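Commentary on secondary and tertiary structure
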Amino acid sequence: MKWIHIAILYTAAVLIFGCLMFSINKAKNTPVEKALKKLLTSALISVAAYATAMVVNEPLISEYAYGLYHIFLDGVVMAMVSFVRRYTGIQPKLKKEGHILGVLVTIDTFFLLLNPIVHLVFRVAPVDDGFGKGFYSIVSREPLYNYHFVLLAFLILLALFRLGRKTASTPKIYKFKYAIISIMLCVAFVSHLVYLNCNFKFDYSLFLYGVIAIAIYYFSLAYIPQGLMERLMYFTISSLKDGVICMDVDGNIAYSNKMAREYFSDEMEDNSKLLTFINLWFGENPDAAERDIVWESPRRIGGKKRYYKNSYTRIIDENQKYIGCFFIMHDCTTEYNRIEEEQYRATHDELTGLYNMYYFCERASEMINDNPETDYMIVCTDVKSFKVINDIFGIETGDELLKALAASIAKIATNNCIYGRITGDRFALCIRKEDFSEELLIAKAEELSNFFDKEVFKMHVHFGVYEVRDRSMKVSVMCDRANIAIRTIKDSYETVIAYYDSQMREKFISKQKIISEFENALDTGRFHPFIQPQFSADWKTKGGEALVRWILPDGGMVRPDQFISVFEETGLIGRLDTYMWERACMQLDKWHKEGHDELYLSVNISPKDFCLMDVYEVITALVKKYDLNPKNLHLEITETAIIENLKTNLPLINRLRDAGFQVEMDDFGNGQSSLNSLMNIDVDVLKVDMGFLRKTENVDRSMTILRKVIELARSLDLKLIIEGVETQEQVDFLIKNGCDVFQGFHFARPMKISDFEDKYLSVQA
Ligand code: C2E
Ligand code: CA
Ligand code: CA
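Only a predicted model underlies this, so the values are computations on that prediction, with no experimental measurement involved.

**Digging into the overall build of the chain**
Across its full length, the chain carries 28 helices and 21 strands. Radius of gyration (C-alpha) of the chain: 55 Å, far over the 27 Å computed for a compact globule of 765 residues. The principal-axis extent of the C-alpha atoms belonging to the chain is close to 170 × 75 × 50 Å. Counting over 765 residues, the chain shows a buried share of 47%. For the chain, contacts bridging at least 24 residues in sequence account for 63% of all contacts bridging at least 6. In the structure as shown, the chain presents an accessible area of about 39,800 Å², 56% of it carried by carbon and sulfur atoms. Positive and negative charge centroids in the chain, built from 87 and 100 side chains respectively, lie 9 Å apart.

Written out as structure tokens, the structure is:
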């Protein structure tokens, strides 16, 4: 009997050892597995210790072995509590529970270790197994055995309590594995109690503890409840956001989830609609037997448009046999809408909702190339002084204006028309030539001009038109050409539409060339003052007008009328004029040092200079720098320059005159209201250009006008200089009428300074 017992115990030990080894190899060392390993190790040692106690016939060793058995039984139960805590996830209310239990177990261990000496827990004595075999068994339990037992019982009850709670709260499918461990633990505990009360020689409960260790190992690591996979799969698929339909090999619907039924607006649990669809689908896709298929389809569900990505997949088993198929309907409406929105943003202008530049060009190019028989026009718009509007009225008003402009463009557009916003205030339209209407554009420009209160600001919109001839040209280049046309009228308040022609482009390019070369020309001294002398009636040189010439590196000469207006447009004129004024001052300084004190030079002041700088400051500073008498520097200002900004320019002219400069009104007669302006403007000299007389056919009439102008000048006490004098008859006439200063080709053309000096100064000196 003894040996049977021992054999069973060792068998249990080997089994537990096997489980332990297995769990060491397989486990991933989760907290549950760690607790499980402790449980198995304790069970192994306690079973082995008990067996050893029975094997040896030596009281002291038996006592130690029984002690070890009791210590590791504590270990088994402690490991069980920790395992249950981790396995069930039920955390102890008392935070320090682990520590307290540890202390209680340590006390028990301490007394069990001392037991062979002090015998406070139990005593052993030789007993007979009933078959003549003797061994040492626990025969009497001392007071501290109760402590050991109560501790053990408490730990078991604690584990049982938690297992019970978990069993009650867990889903049905998992109940079994908690319940079975609970039941086994109960049985072991009860048999333990029985063993204690009946004074058996053998402790049967020990087997049960061993079995529990193995069972726990099995249920926690190896056991998967029956049907769990199916149930989990079922719930996974039914809660998917995608629609799923599974079909068996005979073409029957084996399963369909709620989303799939929704896809067919079939809320009922009946598969008829689904089946109809699937049969239809198979009819349309005869190759479905051979391959998987993916397709997209929009559907209207609950009144809303939704987008689906669908797939059909065949299920092939491990023997390569077809066993069914499944459909997945993935609702990608959000994704689809996001992509659509992104596409919209990439192709449309945010403010006006029109096509953006990139998309306009793409679509217009498509239209032009797809209709080779149709003639097209590209129309671009530009708001005059849009930047100023933004600055004065604010960006929000600017935006409103752009929206109004966009609305007008949309109205101009016919059905077969592409339009968009190119940049800022520039819109473009690609319209069929037959639909193009100049009247409509003018009407729209007129309508838009009332955007602001007319008293406050009259808005001007210009249109540039390019007729598409070369269809291979990029639409962006066509727009550039329409914009070149706009540039030719951008200062005009009357003209609304300009049509592009090839000359415009050449002009535009040469203009750009002039602008780009300015900086270098100024730095390398390519601008030269030429002097056109002014004479008295007796052919004496009194001084001259400094006129700029641009001398190219190859010796070629560019005349001012080719670049002055360009520099005026771009604001470069300020720098050129300052340079010219300084060159004139340097020249006067040189002459005066050479003794030509009375010689003067006349310089031109562009109307734009008044906006670009403080003309008074610059000129007085120069005169000071070269220590000149201001009377030797004559200033030519055109009548329009003064009139453009009377309020600031009149006082400026007076200050210049007060400072001693001679101010001359240039090109008198070319302006719009010459005589009127004379009433208001105080200048020293009227410079009358014979050119305005050349324009008229009626010589007598022009002579009369000239005579009147001369009379007027005299009555206002103004000196006169007549320029553009080309003939001796003109001179005779002018002398007869009392003029005494002349400038013109008849006397001399503008010339280099050195020529002027050679020709006139050496004689006079
Ligand atoms: P402007 O101030 O009226 O200068 C007189 C222009 O008439 C000069 O042309 C001169 O060469 C030309 N001229 C002189 N006598 C006769 C003549 O008998 N018959 C004809 N048909 N023309 C004559 P230019 O030098 O080509 O200058 C043209 C314009 O360019 C000037 O007209 C002036 O407005 C502007 N300009 C010239 N130099 C400068 C400058 O340094 N600064 C500024 N702001 N403008 C300048
Ligand atoms: Ca002049
Ligand atoms: Ca002039």
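Moving on from the model shown.
**Quick word on the coordination of the calcium ion (ligand 2)**
Every protein donor of the calcium ion (ligand 2) is accounted for by Glu545 (OE), Asn604 (OD1), Glu636 (OE) and Asp666 (OD), and the metal-donor separations fall at 2.0 to 2.4 Å. Each donor residue of the calcium ion (ligand 2) lies on the same chain, and together they follow the pattern E-x58-N-x31-E-x29-D. The metal-metal distance between the calcium ion (ligand 2) and the calcium ion (ligand 3) comes to 3.7 Å, with aspartate 666 coordinating both. With glutamate 545 in strand E14 (residues 541–551) and asparagine 604 in strand E16 (residues 600–605), this pair connects stretches of sequence that are 59 residues apart. Overall, asparagine 604 belongs to the partly exposed group, its relative accessible area being 24%.

**Observations regarding the packing of aromatic side chains**
Between two aromatic rings, the relevant description is the distance of the centres plus the angle of the planes. Tallied over the entire structure, the rule returns 37 aromatic pairs. Ring centres of phenylalanine 451 and phenylalanine 452 lie 5.0 Å apart, and the angle between their planes is 85°; on these two criteria the pair is classed as edge-to-face. The exposure class of phenylalanine 451 is partly exposed, given its relative accessible area of 30%. Geometrically, the ring pair formed by phenylalanine 518 and phenylalanine 527 is tilted, given 5.8 Å between the ring centres and 40° between the ring planes. Phenylalanine 527 carries the same exposure label as phenylalanine 518, and that label is buried. Its guanidinium or amino end placed over the ring of tyrosine 145, arginine 141 lies 5.3 Å from that ring's centre, counting from NZ or CZ.

**Quick notes on the pattern of salt bridges**
If charged atoms from side chains of opposite charge come close, those side chains can pair. Under the criterion given, the structure shown has 32 salt bridges. Salt-bridge contacts for aspartate 589 lead to lysine 593; the nearest nitrogen and oxygen are separated by 2.9 Å. In this pair, aspartate 589 and lysine 593 are both assigned in helix H19 (residues 573–593), four residues apart and thus about one turn of the helix distant. Relative accessible area serves as the criterion here: at 16%, aspartate 589 is assigned to the buried category.

**Considering the coordination of the calcium ion (ligand 3)**
Only Asp666 (OD), Asp667 (OD), Glu723 (OE) and Glu723 (OE) from the protein reach the calcium ion (ligand 3) as donors, at distances of 2.1 to 2.9 Å. On the basis of relative accessible area, aspartate 666 is assigned to the buried category, the value being 7%. We classify aspartate 667 as partly exposed; its relative accessible area is 25%.

**A short note on the sheet that holds strand E12 (residues 497–499)**
Reading across from one edge, E9-E10-E8-E11-E12 is the order of the five strands in this open sheet, with mixed pairing throughout. On the outer flanks of this sheet lie strand E9 (418–423) and E12, each paired with one strand and no other. Neighbouring strand axes in the sheet, compared pairwise and without regard to direction, differ in orientation by 20° on average. Relative to the sheet, helix H12 (residues 357–370) contacts strand E8 (376–383), E9 and strand E10 (426–432), its axis offset from that of E9 by approximately 145°. Where helix H14 (residues 395–412) meets the sheet, its contacts fall on E8, E9, E10 and strand E11 (461–467), and the angle it forms with E10 comes to roughly 5°.

**Some remarks on the side chain of aspartate 684**
Along the chain, aspartate 684 turns up in the loop between helix H24 (674–680) and strand E19 (685–689). Side-chain polar atoms of aspartate 684 contact the backbone nitrogen of valine 663, separated by 2.7 Å. What aspartate 684 contacts, discounting residues up to four positions off in sequence, is Arg657, Phe661, Gln662, Val663, Leu718 and Lys719.

**Describing a nonpolar patch on the surface**
On the surface, Met1, Ile4, Ile8, Phe131, Val190, Val194, Phe200 and Tyr204 cluster together to form a nonpolar patch covering roughly 740 Å² of accessible area. For the nonpolar patch, the secondary-structure elements that each account for two or more residues are helix H1 (2–26) and helix H6 (172–198). Mapped onto the elements, phenylalanine 131 comes out in the loop between strand E1 (122–128) and strand E2 (134–141). On the basis of relative accessible area, phenylalanine 131 is assigned to the exposed category, the value being 63%.

**Some words on the site of ligand 1**
The full set close to ligand 1 counts 22 residues, and Gln532, Arg559, Asp577, Glu726 and Phe745 are the nearest of them. Glutamine 532 places a side-chain nitrogen or oxygen 2.9 Å from a nitrogen atom of ligand 1. Within the contact set of ligand 1, an oxygen atom lies 3.3 Å away from a side-chain nitrogen or oxygen of aspartate 667. Mapped by element, the contributors of at least two residues to the shell around ligand 1 are E14, helix H18 (560–570), H19 and strand E18 (662–668). It is E14 that provides the largest number of residues to the shell around ligand 1, a total of four residues. Along the lines of polarity and charge, the residues of the shell around ligand 1 split into eight nonpolar, five polar and nine charged.

**Topic: the sheet that holds strand E5 (residues 293–301)**
Overall, antiparallel pairing links the five strands, which are arranged E4-E3-E7-E6-E5 in an open sheet. Among the strands making up the open sheet, the edge pair consists of strand E4 (253–256) and E5. Strand-to-strand twist across the sheet, computed as the mean angle between neighbouring axes with direction ignored, equals 20°. Of the pairings in the sheet, the one linking E5 to strand E6 (residues 304–316) comprises nine bridges and is antiparallel in character. Along E6, the bridge assignment pairs glutamate 296 with lysine 309. Along the sheet face, helix H10 (residues 272–284) touches strand E3 (243–248), E4, E5, E6 and strand E7 (322–331) and points at about 105° away from the line of E7.

**Notes on the pairing of E2**
The pairing of E1 with E2 spans seven bridges and is antiparallel. Bridge pairing links arginine 123 to serine 140 in E2. The loop that links E1 with its antiparallel partner E2 comprises five residues; one of these, glycine 130, has a positive phi angle of about 95°.

**Observations regarding the state of the cysteines**
By the definition in use, this model includes zero disulfides. No disulfide involves cysteine 479; its sulfur sits 4.1 Å from the nearest other cysteine sulfur, which is in cysteine 380. Its relative accessible area of 3% is what places cysteine 479 among the buried residues.

**Points about the environment of threonine 313**
The topology assignment puts threonine 313 in strand E6. Along the chain, threonine 313 and cysteine 246 lie 67 residues apart, while their C-alpha atoms are 9.7 Å from each other. Sequence-distant contacts of threonine 313, defined by excluding residues within four places in its chain, comprise Asp292, Cys325 and Phe326.

What counts as what
Residues numbered from 1 in each chain as written. Chains lettered and ligands numbered in written order. Predicted model: local features only at pLDDT ≥ 70, side-chain atom pairs only at ≥ 80, totals over all residues. Heavy atoms only, no water. Helix = DSSP H or I, 4+ residues; strand = E, 2+ residues; numbered from the N terminus. Rg over C-alpha atoms; globule rule 2.2 N^0.38 Å. Buried < 20%, exposed > 50% of the residue type's maximum accessible area, 1.4 Å probe, protein only. Contact = heavy atoms within 4.5 Å. Areas by Shrake-Rupley, 256 points an atom, 1.4 Å probe, with all protein chains shown as cover. Lys, Arg positive; Asp, Glu negative; His and termini not counted. Charge placed at Lys NZ, Arg CZ, Asp CG, Glu CD. Donors = N, O, S within 2.8 Å, 3.2 Å for Na, K, Ca; no water. Phe/Tyr/Trp six-rings, centres within 6.5 Å; stacked < 30°, edge-to-face > 60°. Lys NZ or Arg CZ within 6 Å of the ring centre and 35° of its normal. Salt bridge = Lys/Arg side-chain N within 4 Å of Asp/Glu carboxyl O. Pairing = 2+ DSSP bridges. Axes fitted to C-alpha atoms, helices over the stretch in contact; angles between N-to-C directions. Polar contact = N/O pair within 3.5 Å; in protein donor to acceptor, adjacent residues only side chain to side chain. Patch = residues over 30% accessible without salt bridge, like charges linked within 9 Å, V, L, I, M, F, W, Y side chains within 5 Å. Near = heavy atom within 4 Å. Nonpolar A, V, L, I, M, F, W, Y, C, P; charged D, E, K, R; others polar. Disulfide = S-S within 2.5 Å.

Interpretation in functional terms is not warranted from these geometric data alone.
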